[in-house]
Number of protein chains: 2
Amino acid sequence: MDIGGTKTEAIALDELGRVEATVTRPTVSGAEGVLSTAEAAVAELAERTGRTGFASIGVGLPGQIDRRSGEVRNAYNMGIDSLAIGPELGRRTGIPVSIDNDVTAAAIGAAHLMELGGTVAYLNLGTGVASGIIVDGAPLRGKLGMAGEIGHLPIGRLGRPCPCGQTGCLETEASGSALKAYWPAGGEHPGRTLLTAAASGDRDARRCFELLVQGAASAIRLLGLSLDPDSLVIGGGLRLLGAPLRDGIRDELARWEAESPFLAALELSRRFQLLPEGSPAAAVGAALAAG
Amino acid sequence: MDIGGTKTEAIALDELGRVEATVTRPTVSGAEGVLSTAEAAVAELAERTGRTGFASIGVGLPGQIDRRSGEVRNAYNMGIDSLAIGPELGRRTGIPVSIDNDVTAAAIGAAHLMELGGTVAYLNLGTGVASGIIVDGAPLRGKLGMAGEIGHLPIGRLGRPCPCGQTGCLETEASGSALKAYWPAGGEHPGRTLLTAAASGDRDARRCFELLVQGAASAIRLLGLSLDPDSLVIGGGLRLLGAPLRDGIRDELARWEAESPFLAALELSRRFQLLPEGSPAAAVGAALAAG
């Protein structure tokens, strides 16, 4: 299950890791709302698959995750300060529940669904910016569960203040929250109308798109130089900008490569791909991590 | 064996991975020089240990490494454009030779000697800046053998041109080559006199030291946010600056943490350590990787 601020996607995996059924529901905000949304999704999956139960439930969600206690904290975009979602959902469903960071879950799922082996670096461009790293099938979660927080590297160009307390974080330039803050005309889901607005000459929209492309290219360079991974995948809601985003990132990387033989040798402009639209990567990854 | 621009350090490991003998020789420059230095070191180790041969030889050295062919390229600081050192040294000694990037070898050796498990991020502050990442005992070398090249992330503060073609690379501010370029008074080995000069009021020396500290702290933040590793180790020749370097990095990180609760939660100012002086990490790591 992938619980996001807007919707909850739940899938049933069979014993071989194949998707048996998919359920999508709007996420109801707040602790009780999130729990009842998740519970209802499990019930609907059981009905759809004709199963009386499941071996385990894996939940991917944003916020600070404590896998041991099953507790999530600071999941602000779903109105949660703190919730022991693992034990609570386990009690309601009678099924053991394991929780994971949504980006880690998406990285696990992307590697599985796209059949990527070796080292996989997954870049999530969503409300925030973060990465997931998979090494030979196993995610690097980090000693304190904070691996992949590259959105808070202060390597942006504009030095904008970040809610984290630093300035110039990547996330202040190349994320959904940056779009919302610096192109308010785009409303709640600015990604959906950004390209049309940019194409029709909206300067702020165009500037936001440029910063997004440059920030994403910086993140790919960062992951590429740090890990030189076997695969580089871009996921998250903003990947739905599709070909213009992909081409923009590729062209930006190619410009850098033209000036640096060293960078050119890494061939990053040809090495990344977008997670396919509609891929239930986070839900699948959460299920696999629980399995 | 760790072949550097100045010296070659060779160690003999017994079956349990313990250091049996150590030999240090000045590296003779050029292809023939490097080969004869290595050959002589092996002969001396055999003599010292009373062994007639070794099961394998592992060589760590700078430059572009092709582990499959045993070839090194662009190892400029030892006067080598291209050398099939693996096969050549193998022919001369009659022992199978495996080669590795010196930073990767040092990371493997540091994890072994310091008994560090899980994910180990090793930051090498030497002539260049690079990192080695070990996950559960296995190094991440990268698809093209370029993992860990974080010295060429253009995240420096001054936008200095880098020989790689980019500007502002970390390596242009926080490395031995940066010291040499921007504090020429320090001569060939500026690290040795930098602290004395800075303490006695040499402004350029002080500025170079500050940039080194800030760059190293940036690199620790980068590795910390990307990987949240179980251990963070700083090695390389510049680590011999010792306590002032360690304290400088710690204080810089602590300043950033004071402004960012998010960063403070990672506790990086308390999580890194210096590779002990005299540790033969690269030689040991190269031997282990060959074994």
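Counting restarts for each chain, with residues numbered from 1 along the sequence as it is written. Each chain gets a letter, beginning with A, and each ligand a number, beginning with 1, in the order they are written. Only residues with pLDDT of at least 70 get local features here, since the model is predicted, and only at 80 or more are side-chain atom pairs given and counted; chain-wide, interface and lining totals rely on the full set of residues. Excluding hydrogens and water, the side-chain values take into account all heavy atoms of the structure.

Concerning the side chain of Ser 226 of chain B
Right, so step 1: Here a helix means four or more residues in a row that DSSP labels H or I, a strand means two or more in a row labelled E, and each is numbered from the N terminus. Relative to the assigned elements, Ser 226 of chain B resides in helix H6 (residues 203–227).
Right, so step 2: Exposure remark for Ser 226 of chain B: the relative accessible area of 10% places this residue in the buried category.
Right, so step 3: We call two residues in contact whenever any of their non-hydrogen atoms come within 4.5 Å of each other. In this structure, Ser 226 of chain B is in contact with Ile 133, Ala 147, Gly 148 and Ile 150 of chain A, ignoring residues within four places of it in sequence. To sort residues, take the accessible area from a 1.4 Å probe on protein chains only and compare it with the maximum for the residue type: under 20% means buried, over 50% means exposed, and anything in between is partly exposed.

Here's the deal with the pattern of salt bridges
Right, so step 1: Basic side-chain nitrogens of Lys or Arg form a salt bridge, by our definition, when they fall within 4 Å of a carboxyl oxygen of Asp or Glu. Evaluated as defined, the whole model comprises 34 salt bridges over all chains.
Right, so step 2: Its salt-bridge partner being Arg 91 of chain B, residue Glu 88 of chain B comes within 3.1 Å of it at the nearest N-O pair. Of this pair, Glu 88 of chain B and Arg 91 of chain B both sit in helix H2 (residues 85–93), 3 residues apart, which is roughly one turn of the helix.
Right, so step 3: What makes Glu 88 of chain B partly exposed here is its relative accessible area of 26%.
Right, so step 4: Here the residues in one salt-bridge network are Arg 246, Asp 247, Arg 250 and Asp 251 of chain A, joined through shared partners.

What about the sheet that holds strand S13 (residues 272–274) of chain A?
Residue and element names in this part refer to chain A.
Right, so step 1: With respect to topology, 5 strands assemble into an open sheet ordered S11-S10-S9-S12-S13, the strand pairing being mixed. Of all strands in the sheet, those with a lone pairing partner are strand S11 (138–139) and S13, marking the two edges.
Right, so step 2: At least two bridges found by DSSP between two strands is the condition for calling them paired. Two elements, strand S9 (residues 119–125) and strand S12 (residues 231–235), share 5 bridges in a ladder whose sense is parallel. Residue pairing in the sheet places Leu 123 in a bridge with Ile 234 of S12.
Right, so step 3: Where helix H3 (residues 102–113) meets the sheet, its contacts fall on S9, strand S10 (129–135) and S11, and the angle it forms with S10 comes to roughly 45°.
Right, so step 4: Axis angles are defined between N-to-C directions and span 0 to 180 degrees, where every axis is a line fitted to C-alpha atoms and, for a helix, only to the segment in contact. Across the sheet, helix H7 (residues 243–259) is in contact with S9, S12 and S13; its angle to S13 comes to roughly 165°.

Concerning the relation of the copies chain B and chain A
Right, so step 1: The copies were overlaid with a least-squares fit restricted to C-alpha atoms from residues scoring a pLDDT of at least 70 in each copy. Least-squares fitting of chain B to chain A yields an RMSD of 0.0 Å, with the transformation described by 0.0 Å of translation along the axis and a rotation of 180°. Both copies are brought into coincidence by an operation consistent with a two-fold rotation axis. When C-alpha distances to the rotation axis are compared across chain B, the minimum falls at Ile 155 of chain B, with a value of 3.1 Å.

As for the sheet that holds strand S7 (residues 80–83) of chain B
Residue and element names in this part refer to chain B.
Right, so step 1: In spatial order, the strands read S5-S6-S7; together these 3 strands make up an open sheet with antiparallel pairing. Because the sheet does not close on itself, it has two edges, and the strands there are strand S5 (64–66) and S7. Across the sheet, the mean angle separating the axes of adjacent strands is 10° when strand polarity is ignored.
Right, so step 2: Note: S5 against strand S6 (residues 71–75), 3 bridges, orientation antiparallel.

Brief notes about the interface of chain B and chain A
Right, so step 1: Chain B puts 37 residues into the contact, and the matching count from chain A is 37 residues.
Right, so step 2: Buried surface at the junction of chain B and chain A, summed over both partners, amounts to about 3100 Å²; 65% is from carbon and sulfur atoms.
Right, so step 3: The term buried area denotes the loss of accessible surface (1.4 Å probe radius) that occurs when two parts are joined, taken as the sum for both partners. Summed over the three residues of chain B that lose the most area to chain A, namely Met 146, Leu 225 and Phe 262 of chain B, the buried surface amounts to 19% of that side.
Right, so step 4: Where chain B packs against chain A, one counts 0 salt bridges.
Right, so step 5: When contributions to the side of chain B that touches chain A are tallied by element, the ones reaching two or more residues are strand S10 (129–135), H6 and helix H8 (261–266) of chain B.

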